[in-house]
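Architecture at a glance
The chain contents come next:
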Amino acid sequence: MRNLICVLAATIILFACKAKRPNDIIEPDKMQKILYDIHVVDGYISTLPTPDTTKKVAAGYYKGIYKKFGIDSSKFANSMKYYYTHPADLDKIYKNISRTLEKRKRAMEKADSISKSKVKVLPAVK
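A brief structural summary. Because the structure is predicted, anything quoted here is derived from the model rather than measured.

Moving on: the packing of aromatic side chains. What describes a pair of aromatic rings is the distance from one ring centre to the other and the angle between the planes of the rings. The final tally for this structure, using the stated rule, is 3 aromatic pairs. Centre to centre, the rings of Tyr44 and Tyr61 are 5.9 Å apart; their planes meet at 80°, and the pair counts as edge-to-face. One end of the pair, Tyr44, is in helix 2 (residues 28–45); the other, Tyr61, is in helix 3 (residues 51–69), with 17 residues separating them in the sequence. A centroid spacing of 5.2 Å and a plane angle of 80° characterise the contact between Tyr82 and Tyr83, whose relative ring orientation is edge-to-face. By relative accessible area, Tyr82 is classed as buried at 11%.

Here's what the structure looks like:
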């Protein structure tokens, strides 16, 4: 009986000590959406020809993302620091982002193939 009580007490202590996410850290679902938007912007920015233009455009887009989600760059940076120290959480976020990107890619490919199939070639005028 004594061993059972010790095992139960140890189990309770282990579950009680589980680290919880601090209140000032962005929730995983919201962080996933933010990171998705940021990576889409990064992809667009990588196509810009000049570095000066890239910096100006990027700053505006990032500010827009922060505004969209009601955060600031400091909260985002602190949240990223937290997720870097909790790689299992960050891994889940990025797996979900990858799935979302893959779905969007397939949808775009499907839409592209549909639009190409609707293009009709007109006969040459003599």
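Right, picking up where we left off after that structure.
Because each turn of an α-helix spans 3.6 residues, side chains separated by three or four positions in sequence point in the same direction. For helix 3, which comprises 19 residues, the first-to-last C-alpha distance of 27 Å matches the rise-based estimate of 27 Å (1.5 Å per residue) to within 8%. Restricting attention to buried positions, one finds in helix 3 the residues Thr54, Ala58, Ile65, Tyr66 and Phe69. Looking straight down helix 3, one finds its buried side chains confined to an arc of 95°; they lie on one side. When the buried face of helix 3 is taken as reference, the exposed residues oriented beyond 90 degrees from it are Asp52, Lys56, Lys63 and Lys67. Two residues or fewer past helix 3, Gly70 is found with a positive phi of approximately 65°.

Tracing the chain through its elements places Ile97 in helix 5 (residues 87–118). Of the residues examined, Ile97 reaches a relative accessible area of 3% and is grouped as buried. As for Ile97 and His39, which are separated by 58 residues in sequence, their C-alpha atoms are 9.5 Å apart. Ignoring any residue separated from it by four or fewer positions in sequence, one finds Ile97 in contact with Gln32, Leu35 and Tyr36.

Calculation rules
- Residues numbered from 1 in each chain as written.
- Predicted model: local features only at pLDDT ≥ 70, side-chain atom pairs only at ≥ 80, totals over all residues.
- Heavy atoms only, no water.
- Phe/Tyr/Trp six-rings, centres within 6.5 Å; stacked < 30°, edge-to-face > 60°.
- Helix = DSSP H or I, 4+ residues; strand = E, 2+ residues; numbered from the N terminus.
- Buried < 20%, exposed > 50% of the residue type's maximum accessible area, 1.4 Å probe, protein only.
- Expected span 1.5 Å × (residues − 1).
- Arc of directions from axis to C-beta.
- Contact = heavy atoms within 4.5 Å.

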